[in-house]
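Structure assessment
Residue strings, one per chain:
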Amino acid sequence: MYFETQRLSVGYSGKVLVRDISFSVDRGKILSIIGPNGAGKTTILKTISRHLEKITGTVTIENDSIFRLSNRELAKRLSVMLTERVDPELMTCGQVVAMGRYPYTNSFGRLTSEDRAIVSEALRMVRAKELQDIPFSNTSDGQRQRIMLARAICQQPDIMILDEPTSYLDIRHKIELLDILRSLATEKKMAIIMSLHEIDLAAKISDYIICVKGDTIENCGAPEEVFTSDFIKSLYDMEGGTFNTLLGSVELVAPQGEPDVFVLAGGGKGIPVYRQLQKKRRAFSTGVLFENDVDYQIASALSKCVVSAEAFNPVPELKLKEAKALIDQAQFFIDTGVKLGAYNEFCVELLNYAKERGKMILYDTQELFSQNL
Amino acid sequence: MNKNKIIRYQLVYIVLLFLIALALVLNVNTGSVRLSPAKIFKIIFMGFEEGSVESNIIWKIRLPRSLTAALLGGALSVSGFLLQTFFRNPIAGPFVLGISSGAKLFVAVAIIFIAGSFSGITPYLMVLFAFLGSLITLGFVLLFSQKTKNMSVLLVIGIMIGYICSAITDFMITFARDNHIASLTFWSMGSFSGASWGTLGVISVVVAAGLFCSILISKPMDAYQLGEGYAKSMGINIKLFRLILVTLTSLLSATVTAFAGPISFVGIAVPHISKMLMKSSKPIVIIPASFLCGSVFCMFCDLLARTVFAPTELAIGTVTAFFGAPVVISLMVRQRKNRQ
């Protein structure tokens, strides 16, 4: 393995914050560290980039301990992108990027034509060529992050360490930045280690995930292994709300109480209605949903009363009975306009049942809220 | 782009050198005794009329004084630039942070309690005491700066330390023996009037060494502008670098204080003017430019101090404040704007 830590303990002034950290990353791979705020993600990153003294354990690059390398040697093999706000006076973006050549230039920092070519190449990689002569202070957050990334690329490292590179960025810039990181890993064969807040993005970008909680690494492995809804809930001590690992979506706290609205849904028609009801904190029941239906994913996050049926099979009579029982409990019946087909004719049956039972039939939530029902 | 920059650098250097020459001529030429430029030229370069009053005025008073103003002005500006790099704050400077006042206090102690008189102390001893004073006050400022990340608080602390040092100095001067008071009072207000060839020798040695070392650390200074974290990640030994920076800045500002007393605003205003002229903050360009610019600034300020209300001489700080304070105010306003 290219970069490896073994039984590493990190912390401040001798006090251990996280212990027994053992992981490794190969070149061309991306490792993300996730965990709640204040868990020590930054402390780990600072220690493995030698900004902080380790407490115990080893960190090696190609079997060389990073604590034995000279400053310059380490700077040639490892570069960082930090969360510190950079505010240099009268510097153009190009000059900031060129600073990455520091370990390679002579004692007066003179740039050779080769250095300049490397700076240009780095700017091209982060798609910021046009920013070269722009003063750094005139750039937006998104541009700044890309410039600081170009600076880190200029250092021509084999391993790059990034502390929350996506914070402060809007969704477009987040995606762009992660895409650049992926191409650095594949094209330049860099090993990349970063901390990320967005667990949905972490699952998609990373080859390897480690989760920090309390004073230990709670879980690690490939994203598919690590990310289960229950694990995410316990990692972040989430009390309400859920993280859907299949869709990567975050759902807010489910409404409490006895459901008095039954939603007839399916094929994605239910989701906007569920969300509306959640905003008004109105408990609802819904069904019958096939388990491969996208509505099912969201409904089960937002309601306890969901009648579901195995996909690719006709709905058993028992499930219809359950649904009818829920309709009996409810006062209102929302028909979301599910597209009817050969296998969901039961929808008509349920609608007719609601009518028979004298339930108020509505077609969207607006009616429900506007009449203060 | 790059070519334009180099032309700009060269142009600014040439203009500054020309201004230094001009200031030197004006300084030597102007005063209560008027001399024609031709005569000055003859006296300086051809040893004309050796021993005459004119020759003495030029050789013993005006020439050393102008050169002292040039060297100390340059040293003060470079010291300010180093401090601004250190604190990453454009308003840091030896005077604002109380370092000049600390040096002043120590020199006053040396004069009153050790040497017994202003003339009884050797120039090297003066520098040594001023250096100690600078280091100790800067040490205090650093101690507080670790407790607060807020730059405004740091500046206020520096100003307060400066006031404390000045108060103690004034207190000692008040109770010093009569024969010290006149020279001490004037020196403690800041003036180049004490210049002589003897002190000039010491000044050139110390200032040249300080300037040379500052240029040697211009590469890490450049990287330090990106912040400590990044500087460290590029391979800079931060502790060593900070130590060198503190030592150099103390040495340079101590030299100034030892020989000319505390001079305000030069340390902040001149590096800023140099950066504006060069449109760059690259230390390797700005250190020499600050030095030259500081020389010009102080020589002209000294000229004004001597001549505006002649024969009464103004304290040099009065003149530098007059031109420097507006620059500092504009800096403060701009910094606020950037933060918002």
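The text that follows walks through the structure, step by step, so that each part is easy to find. (Residues numbered from 1 in each chain as written. Chains lettered and ligands numbered in written order. Predicted model: local features only at pLDDT ≥ 70, side-chain atom pairs only at ≥ 80, totals over all residues. Heavy atoms only, no water.)

Things to note about the packing of aromatic side chains
- Taken as a whole, this structure holds 7 aromatic pairs over all chains when the rule is applied.
- Summarising the aromatic geometry, the rings of Tyr274 of chain A and Phe284 of chain A are spaced 5.0 Å apart at their centres and angled 5° between planes, so their arrangement reads as stacked. Here Tyr274 of chain A, found in helix 10 (residues 270–279), pairs with Phe284 of chain A, found in strand 14 (residues 284–290); they are 10 residues apart in sequence, far enough to count as distant. You'll find Tyr274 of chain A and Phe284 of chain A in the same group, each marked buried.
- With centroids separated by 5.4 Å and ring planes inclined at 90°, the aromatic side chains of Phe322 of chain B and Phe323 of chain B adopt a geometry described as edge-to-face.
- Classification of Phe322 of chain B as exposed rests on a relative accessible area of 63%.
- Phe323 of chain B gets classed as partly exposed once you look at its relative accessible area, which sits at 39%. (Phe/Tyr/Trp six-rings, centres within 6.5 Å; stacked < 30°, edge-to-face > 60°. Helix = DSSP H or I, 4+ residues; strand = E, 2+ residues; numbered from the N terminus. Buried < 20%, exposed > 50% of the residue type's maximum accessible area, 1.4 Å probe, protein only.)

So, the pairing of strand 16 (residues 332–335) of chain A
Residues and elements named next belong to chain A.
- Here strand 16 shows two buried faces, one formed by Phe332 and Ile334 and the other by Phe333 and Asp335.
- The sheet contact formed by strand 13 (residues 261–264) and strand 16 spans 4 bridges and is parallel. Looking at strand 16, one finds that Val263 is bridged to Ile334.
- Pairing between strand 16 and strand 17 (residues 360–362): 3 bridges, direction parallel. Directly across from Ile334, in strand 17, lies its bridge partner Leu362. (Pairing = 2+ DSSP bridges.)

Examining the sheet that holds strand 2 (residues 15–25) of chain A
Residues and elements named next belong to chain A.
- Strand order in this open sheet of 4 strands is 2-1-4-5, and the pairing throughout is antiparallel. In this open sheet, the two edge strands, each paired with only one partner strand, are strand 2 and strand 5 (64–65).
- Sheet topology places strand 1 (residues 3–12) next to strand 2; 7 bridges connect them, and they run antiparallel. Bridging from a neighbouring strand, Val10 pairs with Val18 of strand 2.
- Packed onto the sheet, helix 1 (residues 41–48) meets strand 1, strand 2 and strand 4 (56–61) and runs at close to 120° relative to strand 1. (Contact = heavy atoms within 4.5 Å. Axes fitted to C-alpha atoms, helices over the stretch in contact; angles between N-to-C directions.)

Looking at the pairing of strand 10 (residues 216–221) of chain A
All names here are of chain A.
- Taken together, the 5 bridges between strand 9 (residues 208–213) and strand 10 define a ladder with antiparallel strand orientation. Of the residues in strand 10, the one forming a bridge with Ile210 is Cys220.
- What sits between the antiparallel neighbours strand 9 and strand 10 is a turn of 2 residues, in which Gly214 has the positive phi angle 60°.

Some thoughts on the interface of chain B and chain A
- On the chain A side, the residues contacting the 29 residues of chain B number 32 residues.
- When the two sides are added together, the surface that chain B and chain A hide from each other amounts to roughly 2,500 Å², 58% of it contributed by carbon and sulfur.
- On the chain B side of the interface with chain A, the three residues burying the most area are Lys219, Leu226 and Tyr230 of chain B, jointly 31% of the side's total.
- At the boundary of chain B and chain A, one finds 1 salt bridge.
- With its nearest N and O atoms 2.9 Å apart, the salt bridge here joins Lys275 of chain B to Glu89 of chain A.
- Connecting chain B to chain A are 9 residue pairs in polar contact (both at pLDDT 80 or more).
- Secondary-structure elements contributing two or more residues to the side of chain B that touches chain A are helix 1 (2–29), helix 8 (197–216), helix 9 (218–224), helix 10 (228–233) and helix 12 (266–278) of chain B.
- No other element matches helix 10 of chain B, which puts 5 residues into the side of chain B that touches chain A.
- Of the residues belonging to the side of chain B that touches chain A, the class tally is 11 nonpolar, 9 polar and 9 charged. (Buried area = accessible area lost by both parts, 1.4 Å probe. Salt bridge = Lys/Arg side-chain N within 4 Å of Asp/Glu carboxyl O. Polar contact = N/O pair within 3.5 Å; in protein donor to acceptor, adjacent residues only side chain to side chain. Nonpolar A, V, L, I, M, F, W, Y, C, P; charged D, E, K, R; others polar.)

Quick notes on the layout of surface pockets
- The calculated volume of the second largest pocket comes to roughly 1,000 Å³.
- For the lining of the second largest pocket, the secondary structure elements donating two or more residues are helix 3 (93–98) and helix 4 (113–125) of chain A together with helix 1, helix 9 and helix 13 (283–307) of chain B.
- Sort the elements by how many residues they give to the lining of the second largest pocket and helix 1 of chain B lands first, with 5 residues.
- Here the residues of the lining of the second largest pocket sort into 13 nonpolar, 9 polar and 8 charged. (1 Å grid on protein atoms, 1.4 Å probe; cavity = no way out; pocket = protein on both sides within 12 Å on 5 of 7 lines; lining within 4 Å. Points joined across faces, edges and corners; volume = space filled by probe spheres on them.)

Remarks on the sheet that holds strand 7 (residues 159–163) of chain A
Residue and element names in this part refer to chain A.
- With mixed pairing, 6 strands are arranged side by side in an open sheet as 6-7-8-3-9-10. In the strand order of this sheet, the two ends are held by strand 6 (78–81) and strand 10, each with one partner. Neighbour-to-neighbour, the strand axes of the sheet open up by a mean angle of 15°, direction not taken into account.
- Where strand 6 lies against strand 7, 4 bridges are found, and the strand directions are parallel. Paired with Ser79 across the two strands is Met160, which belongs to strand 7.
- Taken strand by strand, helix 6 (residues 171–187) contacts strand 3 (30–34), strand 7 and strand 8 (191–195), and its axis lies near 150° from that of strand 8.

Without other data, these values stay purely geometric and don't point to any function.
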